[in-house]
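Analysis of the macromolecular model
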Amino acid sequence: MKVKTLYTTKNLEFFIPDYSTDLELPFADTGIKAGFPSPADDFLELSIDLNKEYIKNKETTFYAKVKGDSMKNAGIFDGDLLIIDKSLEPQNDKIAICQIDGEFTVKRIKIDNKEKIVWLIAENEDYPPIKVTPENEFLIWGIVVASIKRH
């Protein structure tokens, strides 16, 4: 799949998805056993298109490649490709792409409605939480809907 680079920062590299092709792949809807293979595996008839599966809002969906390890405990690693939907409403505990003081970052958002404070929480103990203050230029740019690994 071709993607067009949209924007690059030290933490993320953004891409626009290419929807011009369909790629239907075999899909085992019964799950994959970690033990011995099943003879029924030879008769897979279903298929799945990853664009249709993961992209619900075509006009507001982007990809970003992760740079760094601040989200490793959430299973998001350096080089992973994130699928981000800008149309989704930010909610407490969601993983989001945020822009703070001109820099993009991927963090878990903690919204303290009582204190009216937003915290950006790394999923790596080496990174302290970031308290968003009125002095910060802050925007929740989009919500991460999936992470694709490269092994």
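What comes next concerns the included structure. Everything numeric in this text was worked out from a predicted model, so none of it was measured.

**Description of the pattern of salt bridges**
- Taken as a whole and judged by the stated rule, the model has three salt bridges.
- Measuring nitrogen to oxygen at the nearest pair gives 2.3 Å for the salt bridge that ties Asp93 to Lys110. One end of the pair, Asp93, is in the loop between β6 (81-85) and β7 (95-100); the other, Lys110, is in strand β8 (residues 103-112), and 17 residues separate them in sequence.
- As a salt-bridge pair, Glu123 and Arg108 come within 2.6 Å of each other at their nearest N and O atoms. Highlighted residues: Glu123 in the loop between β9 (117-121) and β10 (130-132) and Arg108 in strand β8, separated in sequence by 15 residues.
- Glu123 gets classed as buried once you look at its relative accessible area, which sits at 19%.

**Here's the deal with the pairing of β6**
- β6 sits mainly inside the fold: four of its five residues count as buried.
- Pairing analysis gives five bridges linking strand β5 (residues 61-66) to β6, with the strands arranged antiparallel. Bridging across to β6, Ala64 finds its partner in Leu82.
- Pairing analysis gives five bridges linking β6 to strand β11 (residues 138-148), with the strands arranged antiparallel. The partner of Ile84 across the bridge, within β11, is Val144.

**Details of the nonpolar core**
- Formed by 15 residues in total, the largest nonpolar core has its most connected members in Leu12, Phe14, Leu82, Ile84, Ile97 and Val106.
- Those elements that provide at least two residues to this core are β2 (12-16), β5, β6, β7, β8 and β11.
- When residues in this core are grouped by element, the largest group, three residues, is from β5.
- Grouped together as the second largest cluster of nonpolar side chains are eight residues, Ala96, Val118, Val132 and Ile143 included.

The rules behind the values
- Residues numbered from 1 in each chain as written.
- Predicted model: local features only at pLDDT ≥ 70, side-chain atom pairs only at ≥ 80, totals over all residues.
- Heavy atoms only, no water.
- Salt bridge = Lys/Arg side-chain N within 4 Å of Asp/Glu carboxyl O.
- Helix = DSSP H or I, 4+ residues; strand = E, 2+ residues; numbered from the N terminus.
- Buried < 20%, exposed > 50% of the residue type's maximum accessible area, 1.4 Å probe, protein only.
- Pairing = 2+ DSSP bridges.
- Core = buried A, V, L, I, M, F, W, Y, C linked by side-chain atoms within 4.5 Å.

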